[in-house]
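# Descriptive structure summary
Given next are the chains, with one letter for each unit.
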Amino acid sequence: MNQLRLGSSQGLKILNVLKNNQGRISAWLTAILLILTAWILGQLVWKPFVSPQVATWQPSNSNRTVAAQPQLNIAELKNSHLFGEFKTSQPVVAAQPELEDAPKSRLNVTLVGVVTSTQAEKSLAVIAQGGQQATYGINETIKGTRAKLVQVQGDRVIVDNSGRNETVMLQGIDYSRPVQNNQAKSKTPRQASPTLSNQTKNQLAKVRAEISKDPKQIFQYVRMSQFKQGDVIVGYRLSAGKSRELFESVGLQNGDIATHLNGQDLREPSAMGDIFSRLSELTELNLTVERDGQPYDIYIEL
């Protein structure tokens, strides 16, 4: 009990001291809080303006052996022809199949259109039979008949009707015997004449290089002007452009009337627009011209 009383008396003394010094203690605590507050505000204000110290990077002293990289051989790369080898050979006139003198067919069919190619097996014919049109390739049988397509020309097709070859003319063209063109009789592509002068050969090489880069440039060397009879478009009159070498090398003559180009009927008003839009995709020009009332086919590989 005596210890309890002693502890109680000491506690009362401490409380009395705190009460007597309450104002002084409050002043000290207030001062300490103000100092802490000022320090914190100072850190918040000045911290963004202090740039951190970054240690400078130093390379390590360890020695490393770097494997030697193989050197690119530019000369070998140029000679590899990754995108194909540029050829300066002139456009050649491809051989056309012999025109066969077959009699007019009595089949009840109508030849609506033809698409000829320097590769005969890729030629096509649009034939109507019984009011329905269909496209046929070589050796295909025409629907509703026993006839088989065997040859496609610019103005007609030859069909095998029960073992007998017959001619079906293009719609709107009267039957006539086929006319062989000098270029068509050639069994091999026509090359530049050996009698040409070196200057002419050099000029042809420049023209071919220009056309190979931009196929539309061919119309700078083969001029085409619309030819009409009254209000009807008959075709396009051809003439040599800024250089005659290319014009004459493919067998054209001034005054030829072009009627078809790659299966497109040039007598249609929209034909030239369609040809120009697809010219960059073409690899050959299949030109049908009229000369002295006779049709001639000119094949040019671009």
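Residues numbered from 1 in each chain as written. Predicted model: local features only at pLDDT ≥ 70, side-chain atom pairs only at ≥ 80, totals over all residues. Heavy atoms only, no water.

## Quick look at a nonpolar patch on the surface
The condition that has to hold: The residues that make up patches have over 30% relative accessible area and no salt bridge, and they are joined within 9 Å when like-charged or within 5 Å when they are Val, Leu, Ile, Met, Phe, Trp or Tyr. In short, Shrake-Rupley with a 1.4 Å probe defines the accessible areas, and a residue's cover is counted only from the protein chains shown. By definition here, a salt bridge exists when the distance from a side-chain nitrogen of Lys or Arg to a carboxyl oxygen of Asp or Glu is within 4 Å. Put simply, DSSP H or I for four residues or longer makes a helix, DSSP E for two residues or longer makes a strand, and each gets a number counted from the N terminus. Here the term buried applies to any residue with accessible area under 20% of the maximum for its type, exposed to any over 50%, and partly exposed to those in between, with areas from a 1.4 Å probe on protein chains only.
Judged by side-chain polarity, Leu12, Ile14, Leu15, Leu18, Ile25, Leu29, Ile32, Leu33 and Leu36 come together as a nonpolar surface patch covering roughly 860 Å² of accessible area. Every element with two or more residues in the nonpolar patch is listed here: α1 (2-20) and α2 (22-46). With 5 residues, the top contributor of residues to the nonpolar patch is α2. Tracing the sequence through the fold places Leu18 in helix α1. The partly exposed category is assigned to Leu18, whose relative accessible area is 43%.

## Some details on the environment of Leu261
Relative to the helices and strands, Leu261 resides in strand β9 (residues 257-261). Taking relative accessible area as the criterion, Leu261 reaches 4% and is therefore assigned buried. With 11 residues separating them along the chain, Leu261 and Met272 place their C-alpha atoms 9.0 Å apart.

## Structural notes on the pairing of β9
What counts is decided by this rule: Any two strands are treated as partners once DSSP identifies two or more bridges connecting them.
Burial within β9 is extensive, with 5 of its 5 residues counted as buried. As paired strands, β9 and strand β11 (residues 284-291) are joined by 4 bridges and run antiparallel to one another. By the bridge assignment, Ala258 is partnered in β11 with Val289. Examined bridge by bridge, β9 and strand β10 (residues 264-265) share 2 bridges and lie antiparallel to one another. Bridged to Leu261 within β10 is Gln264. If you look at the hairpin formed by β9 and β10, you'll find 2 residues sitting between the two strands, and Asn262 has a positive phi there, around 50°.

## Brief notes about the pattern of salt bridges
Counted under the stated rule, the structure contains 4 salt bridges. Asp155 is paired through a salt bridge with Arg156; the nearest N and O atoms lie 3.1 Å apart. A relative accessible area of 3% places Arg156 in the buried class. As a salt-bridge pair, Arg164 and Glu166 come within 2.6 Å of each other at their nearest N and O atoms. Look at Glu166 and you get buried, because its relative accessible area is 6%.

## A few points about the sheet that holds strand β4 (residues 148-152)
The following threshold applies: All axes here are fitted lines through C-alpha atoms, helices being fitted over the stretch that makes contact, and every angle between N-to-C directions spans 0 to 180 degrees.
Pairing is antiparallel across the open sheet formed by 3 strands, whose spatial order is β4-β5-β6. Both outer strands of the open sheet, β4 and β6 (164-169), are each paired with one neighbouring strand and no more. Adjacent strand axes in the sheet meet at a mean angle of 30° when their direction is disregarded. Where β4 lies against strand β5 (residues 156-161), 4 bridges are found, and the strand directions are antiparallel. Bridging from a neighbouring strand, Gln151 pairs with Ile158 of β5.

## Topic: the packing of aromatic side chains
Two numbers describe a pair of aromatic rings. These are the distance of the centres and the angle of the planes. Our working definition: Between 30 and 60 degrees the pair is tilted, below 30 it is stacked and above 60 it is edge-to-face, where a pair is any two Phe, Tyr or Trp rings, Trp via its six-membered ring, whose centres lie within 6.5 Å. Definition used: whenever NZ (Lys) or CZ (Arg) falls within 6 Å of the ring centre and also within 35 degrees of the ring normal, the charge is taken to sit over that ring.
Counted according to the given criterion, the structure contains 0 aromatic pairs. Just above the ring of Phe227 sits the side chain of Arg237; from NZ or CZ to the centre is 4.4 Å. Of note, Arg291 hangs over the ring of Tyr296, and the distance from its end group to the ring centre comes to 4.8 Å.

## Here's the deal with the sheet that holds strand β3 (residues 132-137)
Reading across from one edge, β1-β2-β3 is the order of the 3 strands in this open sheet, with antiparallel pairing throughout. Both edges of this open sheet fall to β1 (110-115) and β3, since each of them pairs with a single strand only. Taking the axes of each pair of neighbouring strands and ignoring which way they run, one obtains an average angle of 25° across the sheet. In this structure, β1 lies alongside strand β2 (residues 124-129), joined through 5 bridges in antiparallel fashion. Within β2, the residue paired with Leu111 across the bridge is Ile127.

## Side note on the nonpolar core
Side chains that are nonpolar tend, in soluble globular proteins, to be buried together. Using the following cut-off: Residues enter a nonpolar core if they are buried and are Ala, Val, Leu, Ile, Met, Phe, Trp, Tyr or Cys, with the set joined through side-chain atoms within 4.5 Å. Throughout, a contact is declared for two residues whenever any of their heavy atoms are within 4.5 Å.
In this structure, Leu238, Leu246, Leu252, Leu266, Leu285, Leu287 and Val289 are the most contacted members of the largest nonpolar core, which totals 28 residues. Sorting the residues of this core by element identifies α5 (198-213), β8 (232-240), α6 (244-249), β9, α7 (271-278), β11 and β12 (294-301) as the ones contributing at least two each. If near-sequence neighbours (up to four positions away) are discounted, Leu266 is found in contact with Met224, Ile233, Tyr236, Ala258, Thr259, His260, Leu261, Ala271, Met272 and Ile275. Among the nonpolar cores identified, the runner-up in size contains 16 residues, and Val109, Val114, Leu149 and Val159 belong to it.

## So, the side chain of Ser105
Short version of the rule: Pairs of N or O atoms are called polar contacts if they sit within 3.5 Å, as long as, within protein, a hydrogen donor faces a hydrogen acceptor (for residues adjacent in sequence, only side-chain-to-side-chain pairs).
Within the secondary structure, Ser105 is located in the loop between α3 (74-79) and β1. In terms of polar contacts, Ser105 uses its side chain to reach the backbone amide nitrogen of Leu107, at 3.1 Å. Here Glu166 takes part through its side chain, which lies 2.7 Å from a polar atom of the side chain of Ser105. If we ignore the near neighbours within four places in the chain, the residues touching Ser105 are Glu166, Thr167 and Val168.

## Some words on the pairing of β8
The two faces of the sheet receive side chains in turn, since in a regular strand these alternate between them. Relative to β8, strand β7 (residues 222-229) runs antiparallel, the two being bridged by 8 bridges. By the bridge assignment for β8, Gln226 is matched with Tyr236. Connecting β7 to the next strand, β8, in antiparallel fashion are 2 residues, including Gly230 with a positive phi near 75°. In terms of strand pairing, β8 meets β9 through 2 bridges, oriented antiparallel. Residue pairing for β9: Tyr236 is matched across the bridge by Ala258.

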